[in-house]
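Geometric and topological summary
These are the residues of each chain, in order.
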Amino acid sequence: MENDQIRNLIRKFISERPRNTAEISAWVNSQDSSQTPRSDIASILEMDADIVRIGTVRRSGIAGKEYPLSEWATDEWVAYHERKEPRKE
């Protein structure tokens, strides 16, 4: 599966709510028979202007040092859920 196809699939997958790298990787692998390593998924996500890293999950035993377990969302999701600044009167 090519990177553009993977990006399009992932954008649809994370459009409703953010997902972490492991969830995205497992979901992509279930959509295609080729095994795309999680490190490749992270680099694909980082290069996409429409996908935003919104945080990093730090849980013992989930991910090794090589692969950060990040939370990803679409820029549209982030814009919609962004907190508004209070009005100054």
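A short tour of the structure in this document, coming up.

Calculation criteria
- Residues numbered from 1 in each chain as written.
- Predicted model: local features only at pLDDT ≥ 70, side-chain atom pairs only at ≥ 80, totals over all residues.
- Heavy atoms only, no water.
- Buried < 20%, exposed > 50% of the residue type's maximum accessible area, 1.4 Å probe, protein only.
- Helix = DSSP H or I, 4+ residues; strand = E, 2+ residues; numbered from the N terminus.
- Arc of directions from axis to C-beta.
- Pairing = 2+ DSSP bridges.
- Contact = heavy atoms within 4.5 Å.
- Salt bridge = Lys/Arg side-chain N within 4 Å of Asp/Glu carboxyl O.

**Looking at helix α1 (residues 3–13)**
Those residues of α1 that sit buried are Ile6, Arg7, Ile10 and Phe13. Seen end-on, α1 carries its buried residues on one side only, within an arc spanning 125°. The outward face of α1, more than 90 degrees from its buried face, is lined by the exposed residues Asp4 and Lys12.

**A few points about the sheet that holds strand β3 (residues 70–74)**
The 3 strands are arranged β1-β3-β2 in an open sheet whose pairing can be described as antiparallel. In this open sheet, the two edge strands, each paired with only one partner strand, are β1 (19–20) and β2 (51–56). Sheet topology places β2 next to β3; 5 bridges connect them, and they run antiparallel. Each residue of the ladder has a partner; that of Val52, found in β3, is Ala73.

**Let's talk about the side chain of Arg7**
One can find Arg7 in helix α1. A residue is classified by how much of its surface remains accessible, and Arg7, at 13% relative accessible area, is buried. Setting aside chain neighbours within four positions, we find Arg7 in contact with Ile44, Met47 and Asp48.

**A look at the pattern of salt bridges**
One pass over the structure, following the stated rule, counts 5 salt bridges. For the salt bridge of Arg53 with Glu46, the shortest nitrogen-to-oxygen distance reads 2.2 Å. In this structure Glu46 comes out as partly exposed when scored by relative accessible area, which is 49%.

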